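Letter by letter, the chains look like this.
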Amino acid sequence: MATGGEKRAALLRQIMEEGGFAFVSSAEKAAAGDLRAAEAAREMAWEQLHSAPRAEVGAAWPDAYALACLHVAGLRAADGDRRAALRALDMGLIMGGDLLRAELDDAIAGLGRGEAGAVADGDVQRWEEGIAGGRDLADVLKLLPVNSLSCKQIERRSCISLEAFICDYFLCESPVILSGCIEHWPARTKWKDIKYLQSIAGDRTIPVQVGKNYACTELKQELITFSQFLERMWSSDSANLACVAQHQLFDQIKELHKDITVPEYCLAGGGKLQSLNAWFGPHGTITPLHHDPHHNLFSQVLGRKYVRLYPVSVGLYPNTESMLSNTSQVDLDNIDEKEHPKTAALEFMDCILEEGDLLYIPPKWWQYIFLQEVHNAIVLTILIIHDVSIIRLVET
């Protein structure tokens, strides 16, 4: 196995082959203790990462960015600037490649845990009230799409065996709610304490989506600390709604990963865990009508959400834009009957997903999700390829 020094040397050679002579020069100066050169190298790598779609960026540049982040962090830490060092390392985890990931993790561990910012008493109360729910069903229905909870309800089972899950739902690709299966997760109790989340992750930089949903034209991405995200949870401005979505939070913040375990239902078909995503968001966040090509196992940790599913066979006016081809043109919150006349008559099944529930969503089923209260949720996805199943986090 190559040492850290050997990995870096091989990476610099690869960058040279891709024409990154200026980067290599700056990286060598950074390794000798030049902070300005380290920042310049990071900026060069950042520009390369944003010069084209990620799939078209040279293979070495994500790792080059991680290397530059390591240099910046090391020099910032030496100057006593822990906050800047930690942000640089988080950016390396978020945007960098896999080659130096272990070094980034070790560097974060070496910084130790900083002092947690204070959580205002009012925020603690709002958090507790949000996850407690208690909203009257009649009030909830006023916020949901027309005819919600009036058709077929998604079947609910309690702690069935893996064999029963495979035979009754997985193989026939039929949705089901599995209740009582994650009550043993430490997250089910620890995450009810906002001060705990603040102490574990408050100073960590994370990517958030800002906007009502990912399909809205006003959607933007921001990089903020977890503490700043928690403060944004109480925003009353729908255009300023921030949520953590489709992010490998548990790979980035190892302490949170210790609070969960992978349900045995993910063993359906065999395979191994590749990645794990987290969803955190406030009341009112919407995931518009879309479908995924994977077997989804959605784990609701705290709060509640409304979920509506339409079968694969239903035609729901897929978007013609390639980036949104898995997303319907139909806005369930405001259906245009002239543009989408068949929608109102289509059969669907739905549910209120409660704390501690797992929801199995088969491939290609259309899904719409409305967050009723402050929530955090985890999604595990099983990707089946030629009868070989692989569990991974997905981007919807």
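Basis of the calculations
- Residues numbered from 1 in each chain as written.
- Predicted model: local features only at pLDDT ≥ 70, side-chain atom pairs only at ≥ 80, totals over all residues.
- Heavy atoms only, no water.
- UniProt positions renumbered as here; feature names shortened; annotations may be inferred.
- Helix = DSSP H or I, 4+ residues; strand = E, 2+ residues; numbered from the N terminus.
- Buried < 20%, exposed > 50% of the residue type's maximum accessible area, 1.4 Å probe, protein only.
- Contact = heavy atoms within 4.5 Å.
- Core = buried A, V, L, I, M, F, W, Y, C linked by side-chain atoms within 4.5 Å.
- Pairing = 2+ DSSP bridges.
- Axes fitted to C-alpha atoms, helices over the stretch in contact; angles between N-to-C directions.
- Parallel < 35°, antiparallel > 145°, perpendicular 65-115°, else oblique.
- Nonpolar A, V, L, I, M, F, W, Y, C, P; charged D, E, K, R; others polar.
- Phe/Tyr/Trp six-rings, centres within 6.5 Å; stacked < 30°, edge-to-face > 60°.
- Lys NZ or Arg CZ within 6 Å of the ring centre and 35° of its normal.
- Arc of directions from axis to C-beta.
- pLDDT = per-residue confidence, 0-100.
- Left-handed = near helix turned anticlockwise from the far one by under 90°.
- Polar contact = N/O pair within 3.5 Å; in protein donor to acceptor, adjacent residues only side chain to side chain.

Labelled according to an unreviewed UniProt entry, the protein appears under the name JmjC domain-containing protein, originating from Miscanthus lutarioriparius. Taken from UniProt, the Cofactor (unreviewed entry) comment for the protein reads in full: "Fe(2+)".

### Remarks on the overall build of the protein
Across its full length, the protein holds 14 helices and 15 strands. Split into buried and exposed, the 396 residues of the protein put 51% on the buried side. Excluding contacts between residues fewer than 6 apart, the proportion of contacts in the protein whose partners are at least 24 apart in sequence is 77%.

### Side note on the nonpolar core
Judged by nonpolar contacts, the single largest core of 47 residues is most densely connected at F165, W191, F229 and L256. Apart from residues no more than four positions distant in its own chain, F229 is found in contact with I206, V208, I224, A242, C243, V244, F280 and G281. In terms of nonpolar packing, the next biggest core, distinct from the first, is built from 34 residues, L11, A41, A60 and A68 among them.

### A closer look at the environment of G281
Of note, G281 is situated in strand 7 (residues 277-281). Sequence separation of G281 and M233 is 48 residues, and the distance between their C-alpha atoms is 7.0 Å.

### Describing the pairing of strand 13 (residues 366-371)
Burial of strand 13 is extensive: six of the six residues sit out of reach of the surface. Burial of the side chains of strand 13 extends over both faces: W366, Y368 and F370 are buried on one face and Q367, I369 and L371 on the other. Pairing of strand 8 (residues 286-290) with strand 13 involves three bridges; the strand directions are antiparallel. Note on strand 13: the bridge partner recorded for I286 is F370. Bridge count between strand 10 (residues 305-310) and strand 13: six bridges; the pairing is antiparallel. Within strand 13, the residue paired with Y310 across the bridge is W366.

### Some points on the packing of helix 1 (residues 4-17) against helix 2 (residues 21-31)
Where helix 1 meets helix 2, the axes come as close as 8 Å, and the angle between the chain directions of the two elements is 150 degrees. For the element pair helix 1 / helix 2, the angle class is roughly antiparallel. Seen from helix 1, the contacting residues are L12, I15 and M16; seen from helix 2, they are F21, F23, V24 and A27. Of the residues belonging to the contact of helix 1 with helix 2, the class tally is seven nonpolar, no polar and no charged.

### Concerning the environment of W46
Summarising the element assignment, W46 is placed in helix 3 (residues 35-49). Dropping the residues within four chain positions of it, W46 is found in contact with Y65, M91 and M95.

### Details of the packing of aromatic side chains
As enumerated under the stated definition, the model contains twelve aromatic pairs in all. Ring geometry for W191 versus F280: centroids 5.8 Å apart, planes at 40 degrees, classification tilted. In this pair, W191 is assigned in the loop between helix 10 (187-190) and helix 11 (194-201) and F280 in strand 7, connecting sequence segments 89 residues apart. In this structure an aromatic cluster arises from ring pairing among W191, F226, F229, F250 and F280. Stacked on the ring of F348, the Lys or Arg R308 has its end atom at 3.8 Å from the ring centre.

### A short note on helix 9 (residues 162-170)
Among the residues making up helix 9, those that are buried are A164, F165, Y169 and F170. Buried residues along helix 9 cover an arc of 150 degrees about the axis, so they all sit on one side.

### Digging into unusual backbone geometry
Of note in the backbone geometry, C159 takes a positive phi value of approximately 45 degrees without being a glycine. Tracing the chain through its elements places C159 in the loop between strand 2 (156-158) and helix 9. A residue is classified by how much of its surface remains accessible, and C159, at 46% relative accessible area, is partly exposed.

### Description of the pairing of strand 11 (residues 349-353)
Most of strand 11 is tucked away: five of the five residues are buried. Covered by surrounding structure in strand 11 are M349, C351 and L353 together with D350 and I352, the residues of both alternating faces. Of the pairings in the sheet, the one linking strand 1 (residues 152-153) to strand 11 comprises two bridges and is parallel in character. Bridge pairing in strand 11 places K152 opposite M349.

### Some words on the confidence of the model for the protein
Detailed reading of the predicted coordinates is not advisable wherever pLDDT falls low. Summary statistics for the protein give a mean pLDDT of 86 and a share of 89% for residues scoring 70 or more. Segment residues 381-396: pLDDT under 50, and 60 contacts once partners within four positions in sequence are set aside and those in other chains are kept.

### Side note on the packing of helix 2 against helix 3
Packed helix pairs are characterised by how far apart their axes lie and by the angle those axes make with each other. Viewed as axis vectors pointing N to C, helix 2 and helix 3 meet at an angle of 145 degrees, and their least axial separation amounts to 8 Å. Helix-helix and strand crossings are classified by hand; for helix 2 and helix 3 the assignment is left-handed. Here A22, F23, S26, A27, K29 and A30 of helix 2 come into contact with helix 3, specifically with A37, A38, A40, A41, M44 and A45. Counted by class, the contact of helix 2 with helix 3 contains ten nonpolar, one polar and one charged residues.

### Thoughts on the side chain of Q367
As for its placement among the helices and strands, Q367 is situated in strand 13. Within the local environment of Q367, its side chain forms a polar contact with the side chain of D292, the two groups lying 3.4 Å apart. Residues contacting Q367, with those up to four places away along its chain left out, are T287, P288, L289, H290, D292, N296, R308, L309 and I361.

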